[in-house]
Amino acid sequence: MSQPDAAQTQGGLENLLHEHRSFPPSAEFAAQANATAEMYERADADREGFWAEQARELLTWSEDFTEVLDFSGAPVARWFGDGRLNAAYNAVDRHVEAGLGDRVAIHFEGEPGDTRTLTYADLQEQVSRAAGALEALGVRKGDRVAIYLPMIPEAVVAMLACARIGAPHSVIFGGFSAEALNSRINDADARVVITADGGYRRGKASALKPAVDEALAKGTPVEHVLVVHRTGQDVEWTEGRDVSWEDALAAASPEHTPAVVDAEHPLFILYTSGTTGKPKGILHTTGGYLTQVAFTFRNVFDIKPEADVYWCTADVGWVTGHSYVTYGPLLNGATQVIYEGTPDTPHKGRWWEIVEKYKVSVLYTAPTAIRTAMKWGEDIPAGFDLSSLRLMGSVGESINPEAWMWYRRVIGGDRTPIVDTWWQTETGAMMISPLPGVTATKPGSAQRPLPGIAADVLDEQAHPVPDGGGGYLVLTAPWPAMLRGIWGDPERFRDTYWSRFEGMYFAGDGAKKDEDGDVWLLGRVDDVMNVSGHRLSTTEIESALVSHPYVAEAAVVGANDDTTGQAVVAFVILRAEHVGKADEAGEGSDVVAELRAHVAKEIGPIAKPRSILVVAELPKTRSGKIMRRLLRDIAEGREAGDVTTLADSTVMSRISQGMHR
Ligand code: ATP
Ligand code: MG
């Protein structure tokens, strides 16, 4: 076993996949784009000056700042430290004051087809009343409030109401269990929970309140539960503790003075997706976070608030929902769609019907959704008018080049720029992404750190890899929206992010630089496989599989192997058009033989999977990310590990039955 070590000391990851397609911006798009190439130059010349300009241009400060960055307490940064502001005032009130009260902030589409329209003036009244209601329950500046709601406008209202009084919110996915809820409430020491009777999912009213009751029965410091009535289903009621949201808002004043807070006042705590292990309570503060979120929303999505209709399909329980449903769009005074339910209820064209209905112009979604749409087949979106779309984004995982091409061709009509945005709960806002109108985009690459962001790819010895090389993605300078820590655990903060490379933030992801220096994400370094001394990335082999016309989605893991150290094991989902071929799934079938040969041809024999299992589903987190560690358990013949953050915990037993058939 000396070979793997030798390869390891050379560092980095092998670079196997070659993708040469490129899409320069059209002249028309470039002429009207918000972003400019000069932004990079300006930020390179004076990074702090650049962010100070953005902070003053995009936000309204109650008290201006004199200091920009203070990193003397590294790894905890302070941005705009002596400035003061309020997040909810910036997201809502100032637009009403500017005469935009009648502009639609939210077009809400419930899963059963009910709709609501909230203007900025409506939002101002609701947020003010909700802030008053929270104060009436004893919530004060600095107190934590847990939010456990479906994707309904009240989720946004609740977050902003907390921000309005300076009470950090902790949003917990509506799909999480009572157990997960209990541990998150206790970790953040929340005194109030905002929930609903239930929400609509897959054509049914799905209860939420019982999970809160159960979580509280296990012991928490919670004193009050505010309950939104969404479905009208029966709920148990604890007198004195439970309060009706509608009654509390009706009793509160429609006016409320926002609490001005320090730029470094905590805005929220959010637990990571839990893709790799126990979720971490990531802490974000106010001024720097809002600055970078507002800047990236405006420039990466090229938003024209008076004309665009934006739709981000993420749940508010995920960081994408925080930064690009609640804060980014509203800070910019944009109009957005919020959809409550699942993409296939009541039919598999629901999303495309929503795009047509609201004339969505900018769409932000995740690779998992794109691959699911690929699996269902392109006849479905073909039945809708998607011509309003002018830009589309992707986030959450690497987007396989073929999925990117499909997204652009089938959904974007071969016309829209696509922005693949790399970032994390920890980074708070987008970090690496093309700038539409400026960058010639490449399918599968996030490409370049945004203006004001410094990133690099390092080898084992912390040397930057040359163009063409692969290694570890790091962030080499503080950025405004960076996390300020892990709630209650400063040591874990240092250990997790700052101990691998001296003075640098290590993101946990592998990446490569191509011959132009553009960044390609290669998956998590925990998932890197070592096959006969070659360090292979999951993403590249998955992308090779997805480039075969039969395959919609693939997950690859390294399983122990007596001869090669590790061997590549792949799990694939076929496209609807080819599902008949899956009947004889398993080793030796034609599909499997063909796919193994395809990988060998696309990226080389070393990457050829030892086995390929055709499956109907893959284990995913609630935010739609593949949980490869569970597949590795199965591939190595173990019982699957912790499944508490899985969207559907029964998937694992179905896959392992297939494996051992
Ligand atoms: P945990 O940290 O608990 O394991 P998580 O990392 O899935 O969970 P998030 O913060 O939601 O939690 O996800 C960030 C991660 O998602 C990134 O580190 C990266 O692995 C992946 N990711 C996000 N966007 C992209 C992208 N555009 N390309 C490739 N990977 C991406
Ligand atoms: Mg992570």
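Residues numbered from 1 in each chain as written. Chains lettered and ligands numbered in written order. Predicted model: local features only at pLDDT ≥ 70, side-chain atom pairs only at ≥ 80, totals over all residues. Heavy atoms only, no water.

The next subject is the sheet that holds strand β18 (residues 362-365). What the 7 strands build is an open sheet, ordered β5-β4-β17-β16-β18-β19-β20; its pairing is mixed. Pairing within the sheet leaves two strands with one partner each, and these edge strands are β5 (115-119) and β20 (418-420). Strand-to-strand twist across the sheet, computed as the mean angle between neighbouring axes with direction ignored, equals 15°. Inspection of the sheet shows strand β4 (residues 104-109) paired to strand β17 (residues 335-339) by 4 bridges, in the parallel sense. Each bridged residue has a counterpart across the sheet, and for Glu109 the counterpart in β17 is Tyr339. (Pairing = 2+ DSSP bridges. Helix = DSSP H or I, 4+ residues; strand = E, 2+ residues; numbered from the N terminus. Axes fitted to C-alpha atoms, helices over the stretch in contact; angles between N-to-C directions.)

Here we come to the environment of Asp122. Structurally, Asp122 can be placed in helix α6 (residues 120-136). Residue class for Asp122 comes out partly exposed when judged on its relative accessible area of 32%. Measuring from C-alpha to C-alpha, the distance between Asp122 and Gly101 comes to 7.8 Å, with 21 residues separating the pair along the chain. A polar contact of 3.0 Å, which involves the side chain of Asp122, links it to the backbone nitrogen of Thr119. (Buried < 20%, exposed > 50% of the residue type's maximum accessible area, 1.4 Å probe, protein only. Polar contact = N/O pair within 3.5 Å; in protein donor to acceptor, adjacent residues only side chain to side chain.)

The UniProt feature table records "modified residue: N6-acetyllysine" (unreviewed entry) at Lys625. Along the chain, Lys625 turns up in the loop between β30 (611-614) and α20 (628-635). Note on Lys625: relative accessible area 11%, which makes it buried. With residues near it in sequence (within four places) discarded, Lys625 still touches Ser273, Thr275, Trp318, Gly396, Glu397, Arg524, Pro619 and Lys620. Here the side chain of Lys625 touches Gly396 through a polar contact of 3.0 Å, landing on its backbone oxygen. (UniProt positions renumbered as here; feature names shortened; annotations may be inferred. Contact = heavy atoms within 4.5 Å.)

With that out of the way, let us pick up the site of ligand 1. In the region of ligand 1, 22 residues are neighbours, and Thr272, Thr275, Thr276, Thr425 and Lys625 sit closest. The side chain of Lys280 places a nitrogen or oxygen atom 3.4 Å from an oxygen atom of ligand 1. With respect to ligand 1, the backbone of Thr421 contributes an N or O atom lying 2.8 Å from a nitrogen atom. Coverage of ligand 1 by the protein amounts to 95% of the 640 Å² it exposes when considered alone. Here the residues of the shell around ligand 1 are counted per class, giving 5 nonpolar, 10 polar and 7 charged. (Near = heavy atom within 4 Å. Areas by Shrake-Rupley, 256 points an atom, 1.4 Å probe, with all protein chains shown as cover. Nonpolar A, V, L, I, M, F, W, Y, C, P; charged D, E, K, R; others polar.)

With that settled, consider the nonpolar core. Among the nonpolar cores identified, the biggest contains 140 residues, and Ile194, Phe301 and Tyr327 are the most heavily contacted of them. When residues of this core are assigned to their parent elements, the largest contribution, 10 residues, is made by helix α7 (residues 153-165). Those residues within four positions of Ile194 in sequence are excluded, and the remaining contacts are Leu134, Val145, Ala146, Ile147, Tyr148, Leu149, Ala158, Leu226 and Trp245. In terms of nonpolar packing, the next biggest core, distinct from the first, is built from 54 residues, Val337, Ala373, Leu389 and Val591 among them. (Core = buried A, V, L, I, M, F, W, Y, C linked by side-chain atoms within 4.5 Å.)

Once that is clear, we can look at the pairing of β30. Burial along β30 is two-sided: the face carrying Ser611 and Leu613 and the face carrying Ile612 and Val614 are both buried. The pairing of strand β29 (residues 565-574) with β30 spans 4 bridges and is classified as parallel. Within β30, the position partnered with Phe571 by the bridge is Leu613.

On to the sheet that holds strand β15 (residues 281-285), then. The strand order across the open sheet built from 8 strands is β12-β11-β8-β6-β7-β14-β15-β23, with neighbouring strands paired in mixed fashion. Two strands close off the open sheet at either side, each with one partner strand: β12 (242-244) and β23 (485-486). Alignment of strand β6 (residues 145-148) against strand β8 (residues 192-196), held across 4 bridges, turns out to be parallel. Bridge pairing in β8 links Tyr148 to Thr195. Those strands touched by helix α12 (residues 319-331) are β7 (169-171) and β14 (266-271), and its axis lies near 140° from that of β14.

On to helix α5 (residues 87-100), then. The sharpest bend along α5 comes to roughly 40°, located at Asp93. For α5, the set of buried residues is Ala87, Ala88, Tyr89, Asn90, Ala91, Val92, Asp93, Arg94 and His95. Its side-chain oxygen at 2.8 Å from the backbone nitrogen of Ala88, Asn86 defines the N-terminal cap of α5. (Bend = angle between axes of the 7 residues up to and from the residue.)

This paragraph deals with a negative patch on the surface. Taken together, the side chains of Asp187, Asp489, Glu491 and Asp495 make up a negatively charged region of the molecular surface. Relative to the helices and strands, Asp489 resides in the loop between β23 and α17 (490-498). (Patch = residues over 30% accessible without salt bridge, like charges linked within 9 Å, V, L, I, M, F, W, Y side chains within 5 Å. Salt bridge = Lys/Arg side-chain N within 4 Å of Asp/Glu carboxyl O. Lys, Arg positive; Asp, Glu negative; His and termini not counted. Charge placed at Lys NZ, Arg CZ, Asp CG, Glu CD.)

The subject of this paragraph is the pattern of salt bridges. Scanning the entire structure with this criterion turns up 48 salt bridges. The shortest N-O distance in the salt bridge between Asp64 and Arg56 comes to 2.8 Å. By relative accessible area, which is 46% here, Asp64 ends up partly exposed. A single network of salt bridges, built from pairs that share partners, joins Glu109, Arg350, Glu353 and Lys357.

This part takes up the confidence of the model for the protein. Within the protein, residue pLDDT values average 93, and 96% of them lie at 70 or more. When the elements of the protein are averaged for pLDDT, helix α1 (residues 2-10) gives the smallest value, 34, and helix α11 (residues 287-300) the largest, 99. In the model, residues 1-10 has pLDDT below 50 throughout and makes 11 contacts with residues more than four positions away in sequence or in other chains. Model confidence for the complex is summarised by a pTM of 0.94, with the ipTM given as 0.99. (pLDDT = per-residue confidence, 0-100.)

A few words on the packing of aromatic side chains. Aromatic ring pairs are reported here in terms of the distance separating the ring centres and the angle at which the planes meet. Under the defined criterion, the tally for this structure stands at 30 aromatic pairs. When the ring of Trp79 is compared with that of Phe80, the centres are 5.7 Å apart and the planes differ by 55°; the resulting orientation is tilted. The pair Trp79 / Phe80 is uniform in exposure class, with both members buried. Residues Tyr497 and Tyr505 carry aromatic rings whose centres are separated by 5.2 Å and whose planes lie at 10° to one another, so their mutual orientation is stacked. Among the aromatic residues, ring-to-ring pairing joins Phe71, Trp479, Phe493, Tyr497, Trp498 and Tyr505 into one connected group. Positioned over the ring face of Tyr40 is Arg448, at 3.6 Å from the centre of the ring. Here Arg622 stacks its cationic end above the ring of Phe173, 5.1 Å away from the centre of that ring. (Phe/Tyr/Trp six-rings, centres within 6.5 Å; stacked < 30°, edge-to-face > 60°. Lys NZ or Arg CZ within 6 Å of the ring centre and 35° of its normal.)

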